[in-house]
Amino acid sequence: GKSALLAQMAAGLAAAGVPVLVFSLEMSHEALYRRMACQMARVSSTMLRNGGLRDGELPDYYRAVDELAKRPIYIVDKLDGPRTAVRLRAIARTYIREHGVKVVMIDTADKMQSSEKRGKQYEVSSLVSSDLAAWAHDDRLALVVAKQMNREAPGRQDKMPTLTDIRDSGAWEQDADNVWALHR
C-alpha cells in the first residue's frame, strides 16, 4: 500500500511537470519503475511478471514505460553508507541543483538510521523523524515519507487507523505537517 501510493503520487506529480526524487529503500529502481508503469497502463504487475497479460495490455504497458521515461522522476535505490537524513539530504541537494527537484519521497522511513545515536528503536525513530522535519523546514522542501503503522489496530473494535498507530514513535505525529493513513 505505502509504496503503491508513493509511486502513484510521484508519477502524477511528474505528469504535471513537477520534478520528483524518490528514495526507494525497500524496492529496486526497476521494481518501482515497473510498478509505476503498470499503474499508468492499468495492468496487473503480477500478471506482467507471470507473463499473463491479455491481448492489448502489453502494448499499453510499453506505452506507459515510454511516457514514464519522459517524466522528471528520479529514483535512488542504492545508497553508499548509512541511510540517514543527512545522507539523503546531501544526495537530494544534487538532484535539486541539477534537475530542479521540488518533491522528495522516502519509501520507507522504517529503513532509515539516525545520524546521532544508536539505541532503542523508539529513540532512533524519534531522531529520524526530527531530522526529516528539520530537513524539510530548512530546505523549504515538500518531503513525503512513508512509515509503517502498528499492527494493533486490527485487534480493536474500531479498525480505523489513528495517529497513535504510527510505529515506534509519537514524534512522527508531532513532526509531520500532514499524516495520511491507508485503510483497507
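All figures in this text were calculated on a predicted structure; none of them were measured in a lab.

## Overview of the packing of aromatic side chains
Working step 1: Tallied over the full model, the rule gives two aromatic pairs.
Working step 2: Taking the centre distance of 5.6 Å and the plane angle of 65 degrees together, the rings of Tyr61 and Tyr62 count as edge-to-face.
Working step 3: For the ring pair Tyr74 and Tyr95, a centre distance of 5.8 Å and an interplane angle of 50 degrees mean the geometry is tilted. Placement of Tyr74 in strand E2 (residues 73-76) and of Tyr95 in helix H5 (residues 85-99) is noted, with a sequence separation of 21 residues between them.
Working step 4: What makes Tyr74 partly exposed here is its relative accessible area of 21%.

## Re the pattern of salt bridges
Working step 1: As enumerated under the stated definition, the model contains seven salt bridges in all.
Working step 2: Here Arg54 and Glu57 are joined by a salt bridge, their closest N and O atoms 2.9 Å apart.
Working step 3: The class for Arg54 is exposed, based on a relative accessible area of 62%.
Working step 4: Close ionic contact of Arg71 with Glu67 constitutes a salt bridge, the shortest N to O distance being 3.6 Å.
Working step 5: By relative accessible area, Arg71 is classed as buried at 17%.

## Section: the nonpolar core
One broad trend across soluble globular proteins is that nonpolar side chains are buried collectively.
Working step 1: Residues Val22, Leu32, Met36, Tyr61, Ile73 and Met105 are the most contacted members of the largest nonpolar core, which totals 25 residues.
Working step 2: For this core, the elements supplying multiple residues, two or more each, are helix H1 (2-15), strand E1 (20-24), helix H2 (29-41), helix H4 (57-69), E2 and strand E3 (103-107).
Working step 3: Setting aside residues no more than four positions away along its own chain, Tyr61 makes contact with Arg34, Ala37, Cys38, Ala41, Val43 and Leu48.
Working step 4: Residues Val101, Ile106, Val124 and Leu143 belong to the second largest nonpolar core, which totals 20 residues.

## Quick notes on unusual backbone geometry
Working step 1: Backbone geometry places Arg42, a non-glycine residue, at a positive phi of 60 degrees.
Working step 2: Relative to the helices and strands, Arg42 is located in the loop between H2 and helix H3 (45-50).
Working step 3: Using a relative accessible area of 74% as the deciding quantity, one classes Arg42 as exposed.
Working step 4: One non-glycine residue, Arg140, adopts positive backbone phi at about 50 degrees.
Working step 5: As for its position among the elements, Arg140 is in the loop between helix H6 (121-139) and strand E4 (142-145).

## Side note on the sheet that holds E2
Working step 1: The parallel open sheet is built from four strands, whose spatial order is E2-E1-E3-E4. Each edge of the sheet is formed by a strand with only one pairing partner; in this case those strands are E2 and E4. Adjacent strand axes in the sheet meet at a mean angle of 15 degrees, parallel and antiparallel pairs treated alike.
Working step 2: The strands that H2 touches are E1 and E2; relative to E2, the one it contacts most, it runs at about 145 degrees.
Working step 3: Strands in contact with H5 are E1, E2 and E3; relative to E1, the strand with the most contacts, it is inclined by about 155 degrees.

## Quick look at the pairing of E1
Working step 1: Counting buried positions over the five residues of E1 gives five, a clear majority of the element.
Working step 2: On E1, burial covers both faces: Val20, Val22 and Ser24 on one face and Leu21 and Phe23 on the other are all buried.

Definitions and cut-offs
Residues numbered from 1 in each chain as written. Predicted model: local features only at pLDDT ≥ 70, side-chain atom pairs only at ≥ 80, totals over all residues. Heavy atoms only, no water. Phe/Tyr/Trp six-rings, centres within 6.5 Å; stacked < 30°, edge-to-face > 60°. Helix = DSSP H or I, 4+ residues; strand = E, 2+ residues; numbered from the N terminus. Buried < 20%, exposed > 50% of the residue type's maximum accessible area, 1.4 Å probe, protein only. Salt bridge = Lys/Arg side-chain N within 4 Å of Asp/Glu carboxyl O. Core = buried A, V, L, I, M, F, W, Y, C linked by side-chain atoms within 4.5 Å. Contact = heavy atoms within 4.5 Å. Pairing = 2+ DSSP bridges. Axes fitted to C-alpha atoms, helices over the stretch in contact; angles between N-to-C directions.

These results come straight from atomic positions and should not be treated as a statement about function.
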